Amino acid sequence: AELIAVARACAEGLDAQGLSVFGKERGFTRSHQFAVEAADFGGGQTASKKLRQAGFLACGIGLPIAEVPGDMNGLRLGTPELARWGMQADDMPRLAGMVARGLTGNDVDTLAAEVAEWRVSFDHLHFVHQ
């Protein structure tokens, strides 16, 4: 349940940032992942490479929408590792703002430093079976 809550909160946060989240009309997601329509960013793989420079991992994904020539038309974002490291739904607005900056901004070096600094505050694993 926590994975779904985190994924939904992240998707809602990206929607609030003005990104086109696939499946918004169906409640964004019912799982641990969701997708952003990626045409505005040159495609999903292009967007994932830009996000990687800012310290985020994502990947392109095919969606049943208009194609992006030479690239995937969606950007898949998953939340299992976020929740496993202790991020919760109330952390997602901040994360969504950072992801949106990573996709739309030109301050990737500054953003990467902010992401790295925030990341160290999540320093132990949750949801671990022992």
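Computed from a predicted model, the values in this text were never measured in an experiment.

## Some remarks on the pairing of strand β3 (residues 74-78)
Of the pairings in the sheet, the one linking strand β1 (residues 33-37) to β3 comprises 5 bridges and is antiparallel in character. Residue pairing in the sheet places Phe34 in a bridge with Leu77 of β3. Judged from the 3 bridges that link them, strand β2 (residues 59-61) and β3 form a sheet pairing that is antiparallel. Opposite Cys59, over in β3, you have Arg76 as the bridge partner.

## Comments concerning unusual backbone geometry
A positive phi is found at Phe28, a non-glycine position, where the angle reads about 75 degrees. Inspection of the secondary structure assignment puts Phe28 in the loop between α1 (2-16) and β1. Given a relative accessible area of 14%, Phe28 falls into the buried group.

## Here's the deal with the sheet that holds β3
Pairing in this open sheet of 3 strands is antiparallel, and the strands run β1-β3-β2 from one edge to the other. Looking at strand neighbours, the two that pair on one side only are β1 and β2, the edges of this open sheet. Across the sheet, the axes of successive neighbouring strands diverge by a mean angle of 40 degrees, strand direction being ignored. Where α1 meets the sheet, its contacts fall on β1 and β3, and the angle it forms with β1 comes to roughly 15 degrees.

## Concerning the confidence of the model for the chain
Looking at the chain as a whole, its pLDDT mean stands at 94, while 98% of the residues score no less than 70. By mean pLDDT, the top-scoring element of the chain is β2 (98), and the lowest-scoring one is helix α3 (residues 80-84) (90).

## Observations regarding the packing of aromatic side chains
Applying the stated criterion across every chain yields a total of 1 aromatic pair. Pairing Trp118 with Phe122 gives two aromatic rings, centres 5.5 Å apart and planes at 80 degrees, and the pair type is edge-to-face. Of note, Arg26 hangs over the ring of Phe22, and the distance from its end group to the ring centre comes to 5.4 Å. The ring of Trp85 carries Arg119 above its face, with NZ or CZ at 4.4 Å from the centroid.

Reading guide: rules and limits
- Residues numbered from 1 in each chain as written.
- Predicted model: local features only at pLDDT ≥ 70, side-chain atom pairs only at ≥ 80, totals over all residues.
- Heavy atoms only, no water.
- Pairing = 2+ DSSP bridges.
- Helix = DSSP H or I, 4+ residues; strand = E, 2+ residues; numbered from the N terminus.
- Buried < 20%, exposed > 50% of the residue type's maximum accessible area, 1.4 Å probe, protein only.
- Axes fitted to C-alpha atoms, helices over the stretch in contact; angles between N-to-C directions.
- Contact = heavy atoms within 4.5 Å.
- pLDDT = per-residue confidence, 0-100.
- Phe/Tyr/Trp six-rings, centres within 6.5 Å; stacked < 30°, edge-to-face > 60°.
- Lys NZ or Arg CZ within 6 Å of the ring centre and 35° of its normal.

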